[in-house]
Amino acid sequence: MAATASSYSITMRLHTAPDHGVVGTVATTISQHDGIVTGIDVAESRHDRLVVDVTCSAADEPHSRELAAAVDAIDGVEVHKVSDRTFLLHLGGKIEVTSKVPLRSRDDLSMAYTPGVGRVSSAIANNPEDVWSLTVKGNSVAVVTDGSAVLGLGNIGPGAALPVMEGKAALFKKFADIDAWPICLASQDTEEIVRAVEMIAPGFGGINLEDIAAPRCFEIEARLRESLDIPVFHDDQHGTAIVVLAALTNALRVVGKTLPEARIVVAGGGAAGTAIVTLLLADGASDVVVWDRMGCLTGDDESLSPAMASLAGRTNPRGIRGDLRAALAGADVFVGVSGPGVLQAEWIQEMAPDPVVFALANPDPEIDPAEADRYAAVVASGRSDYPNQINNVLAFPGVFRGLLDARAAEITTEMLLRAAHAIAEVVTDEELNPNFIIPTVFHPEVPKAVARAIQGLEA
């Protein structure tokens, strides 16, 4: 695996002989061991030694240890300390609460808190709708998880999920100016999760379910949508589906195909795969085959779970059976939301001309995007170090911005479709090419376009 830009970035503090030529030797050594030097700073210079901070990127954690060992082996160089920049960034957490109003005097306190706040509470009690304008509710989202399906790490629990939920909250603020709060529940019981969310819902304008394993997540979402009067959005399902549909819309434009005529294979029948299939079908796809660990899903397979049986009943119109390779024969599109290494490069050659490959398993995709690029016309992944990153950040900030601004009570399939089309349309005809089918997450128009689309507003 190639070194990445920052996710496995380390800073080595070196004690070296007082020879500035040593710095060049260090940089060369790191490069020879497939690392990427991103910064060199002389922190201290004395007559008897130099103190040098070298920042470099590695492919993974073992590779970072290899780089440190290689540098330490250089004559006249001692690796004094190695700091993982990602861990340093997380020290103390990534989010905080700050006051929007000044609290500099007793006068300020008397309005922001007692006794003045009592008048505001009384007003809300007399007119409950005022809670939307007189509190944070109208701009707040609960990011709720049970820690059962975190990234590609699996069931790691609520505490280990907290850094991810913090990151999600930070993204809400950055891209849509929404105040989001991590809610990590110490239960994986459906009844307890539903009841917990119902009890905290009065303080929020929307609920973002996150990293809850299938099939439990389906029931939790359905029941909360039924019982709450605020929108409930499972980002692993619907956020992923929105961005996949947006990217696929443009990928098919690149290769001159349409969604209704495309043969699509989706690897993975969990939460994300089910939502992707549902949205593709809603937008006109007619030939979708779902492959999971047990093989291609077929409607006559009585061994399937209820969720899988429902998925099988809506897909595979040609009755394809067997393994992933069988499903891919003659297919136009592969969408992977399964696990690492399930797609072999040579199978892409057996797909239809100009195949589209989305390898989205995170953090390790179904196939190395560089390998897939040898045979596919368009390749996308969830990684930031390759073109065409399929990232939910393109969807969920704008989705909730639109929902909160409209004070929507629910989110509909039509809203999801509008959001996907809005993201796709941000990429102009002049910009569209095999390496640019989806806008960057930092494109300022994306959350605005998605928010307008959710509200049904024209651009």
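Residues numbered from 1 in each chain as written. Predicted model: local features only at pLDDT ≥ 70, side-chain atom pairs only at ≥ 80, totals over all residues. Heavy atoms only, no water.

With respect to the overall build of the chain
Assigned secondary structure in the chain consists of 18 helices and 14 strands. Taken over C-alpha atoms, the radius of gyration comes to 25 Å for the chain, in line with the 23 Å a tight globule of 459 residues would show. Projecting the C-alpha coordinates of the chain onto the three principal axes gives extents of approximately 75 × 75 × 45 Å. Sequence separation of 24 or more characterises 67% of the internal contacts of the chain that already satisfy a separation of 6 or more. (Helix = DSSP H or I, 4+ residues; strand = E, 2+ residues; numbered from the N terminus. Rg over C-alpha atoms; globule rule 2.2 N^0.38 Å. Contact = heavy atoms within 4.5 Å.)

With respect to the sheet that holds strand β7 (residues 206-209)
On the basis of which strands lie adjacent, the open sheet formed by four strands has the order β6-β5-β7-β8 and parallel pairing. Of all strands in the sheet, those with a lone pairing partner are β6 (179-184) and β8 (232-234), marking the two edges. In this sheet, neighbouring strand axes are inclined to one another by 25° on average, regardless of whether the strands run parallel or antiparallel. Bridge count between strand β5 (residues 140-145) and β7: four bridges; the pairing is parallel. (Pairing = 2+ DSSP bridges. Axes fitted to C-alpha atoms, helices over the stretch in contact; angles between N-to-C directions.)

Let's talk about a nonpolar patch on the surface
A cluster of nonpolar side chains, Val101, Leu103 and Leu109, forms an exposed patch at the surface whose accessible area comes to about 260 Å². Along the chain, the position of Leu109 falls in helix α4 (residues 106-112). You can call Leu109 partly exposed: its relative accessible area is 45%. (Patch = residues over 30% accessible without salt bridge, like charges linked within 9 Å, V, L, I, M, F, W, Y side chains within 5 Å. Areas by Shrake-Rupley, 256 points an atom, 1.4 Å probe, with all protein chains shown as cover. Salt bridge = Lys/Arg side-chain N within 4 Å of Asp/Glu carboxyl O. Buried < 20%, exposed > 50% of the residue type's maximum accessible area, 1.4 Å probe, protein only.)

Some details on the sheet that holds strand β10 (residues 287-292)
One open sheet accounts for six strands, arranged β11-β10-β9-β12-β13-β14; its pairing is mixed. Both edges of this open sheet fall to β11 (295-296) and β14 (378-381), since each of them pairs with a single strand only. Bridge count for strand β13 (residues 356-359) against β14 is four bridges, and the pairing is parallel. Bridged to Phe358 within β14 is Ala380.

Overview of the side chain of Glu366
Counting through the fold element by element, Glu366 comes out in the loop between β13 and α15 (369-372). The buried charged residue Glu366 lacks any salt bridge, with Arg293 as its nearest oppositely charged partner at 10 Å. Engagement of the side chain of Glu366 in a polar contact is seen with the backbone nitrogen of Leu360, the distance being 3.0 Å. Among the polar contacts made by the side chain of Glu366, one reaches the main-chain amide nitrogen of Ala361 at a distance of 3.1 Å. (Lys, Arg positive; Asp, Glu negative; His and termini not counted. Polar contact = N/O pair within 3.5 Å; in protein donor to acceptor, adjacent residues only side chain to side chain.)

Comments concerning the pairing of strand β12 (residues 333-336)
Burial of the side chains of β12 extends over both faces: Val333 and Val335 are buried on one face and Phe334 and Gly336 on the other. Relative to β13, β12 runs parallel, the two sharing four bridges. Among the inter-strand pairings, Phe334 is bridged to a residue of β13, identified as Val357.

Section: the layout of surface pockets
Approximately 930 Å³ is the volume found for the second largest pocket. As for the second largest pocket, its lining consists of 28 residues, and the residues nearest its centre are Val97, Thr98, Lys100, Val136 and Asp179. At the level of secondary structure, the elements contributing two or more residues to the lining of the second largest pocket comprise α4, α5 (116-126), α7 (157-176) and β6. Class assignment of the residues belonging to the lining of the second largest pocket gives a composition of 15 nonpolar, six polar and seven charged. (1 Å grid on protein atoms, 1.4 Å probe; cavity = no way out; pocket = protein on both sides within 12 Å on 5 of 7 lines; lining within 4 Å. Points joined across faces, edges and corners; volume = space filled by probe spheres on them. Nonpolar A, V, L, I, M, F, W, Y, C, P; charged D, E, K, R; others polar.)

Looking at the nonpolar core
In terms of nonpolar packing, the biggest core is built from 79 residues, with Ile242, Leu248, Ile264, Phe358, Val399, Ile423 and Ile437 touching the most fellow members. When residues of this core are assigned to their parent elements, the largest contribution, 11 residues, is made by helix α10 (residues 235-255). Residues in contact with Phe358, not counting those within four places in the same chain, are Val244, Ala247, Leu248, Ala251, Phe334, Val335, Gly336, Ala380 and Ile437. Membership of the second largest hydrophobic core comes to 23 residues, among which are Trp132, Ala142, Ile193 and Ile220. (Core = buried A, V, L, I, M, F, W, Y, C linked by side-chain atoms within 4.5 Å.)

What to know about the side chain of Asp108
With respect to the helices and strands, the residue Asp108 is situated in helix α4. The side chain of Asp108 is buried and forms no salt bridge, while Arg104, the nearest opposite charge, is found at 4.5 Å. Ignoring anything within four residues of it in the chain, the contact list for Asp108 reads Pro102 and Leu103.

Concerning the environment of Ser227
As for its position among the elements, Ser227 is in helix α9 (residues 216-227). Classification of Ser227 by relative accessible area gives partly exposed; the value is 38%. Placed 185 residues apart in sequence, Ser227 and Thr412 show a C-alpha to C-alpha distance of 16 Å. A distance of 2.8 Å separates the side chain of Ser227 from the side chain of Glu198, its partner in a polar contact.

Side note on α7
Taking 1.5 Å per residue, 20 residues should reach 28 Å; α7 reaches 28 Å between its end C-alpha atoms and fits that length. Along α7, the sharpest change in direction is near 35° and occurs at Pro163. Looking at the buried positions of α7, the neighbouring elements they touch are β5, β6, β7, α10, α16 (396-406) and α18 (445-455). Once α7 ends, the next one or two residues include Asp177, with phi positive near 55°. (Expected span 1.5 Å × (residues − 1). Bend = angle between axes of the 7 residues up to and from the residue.)

A word on the pattern of salt bridges
In total, this model carries 25 salt bridges according to the counting rule given. One salt bridge in this structure joins Arg223 and Glu219, with 3.2 Å as the shortest N-O distance. You can see Arg223 and its partner Glu219 sitting in helix α9, four residues apart, about one turn around the helix. Overall, the relative accessible area of 28% leaves Arg223 in the partly exposed class. Asp405 is the salt-bridge partner of Arg401, the closest N and O atoms lying 3.0 Å from each other. Of the two residues, Arg401 and Asp405 both sit in helix α16, four residues apart, roughly one turn of that helix. Within this structure, Glu44, Arg46 and Asp48 form a network of salt bridges that share partners.

Comments concerning empty space enclosed by the protein
Taken as a whole and judged by the stated rule, the model has two cavities of 30 Å³ or more. Here the largest cavity is characterised by a volume of approximately 50 Å³. If you go around the largest cavity, the residues you meet are Leu14, Thr16, Asp19, Val22, Val23, Val26, Ile40, Leu50, Val52 and Val54. For the lining of the largest cavity, the secondary-structure elements that each account for two or more residues are β1 (9-16), α1 (21-32) and β3 (50-57). Across the lining of the largest cavity, the residue classes break down as eight nonpolar, one polar and one charged. Roughly 40 Å³ of internal volume is contained in the second largest cavity. Forming the boundary of the second largest cavity are Phe175, Val393, Leu394, Pro397, Gly398, Val441, Val446 and Pro447. Those elements that place two or more of their residues in the lining of the second largest cavity are α16 and α18.

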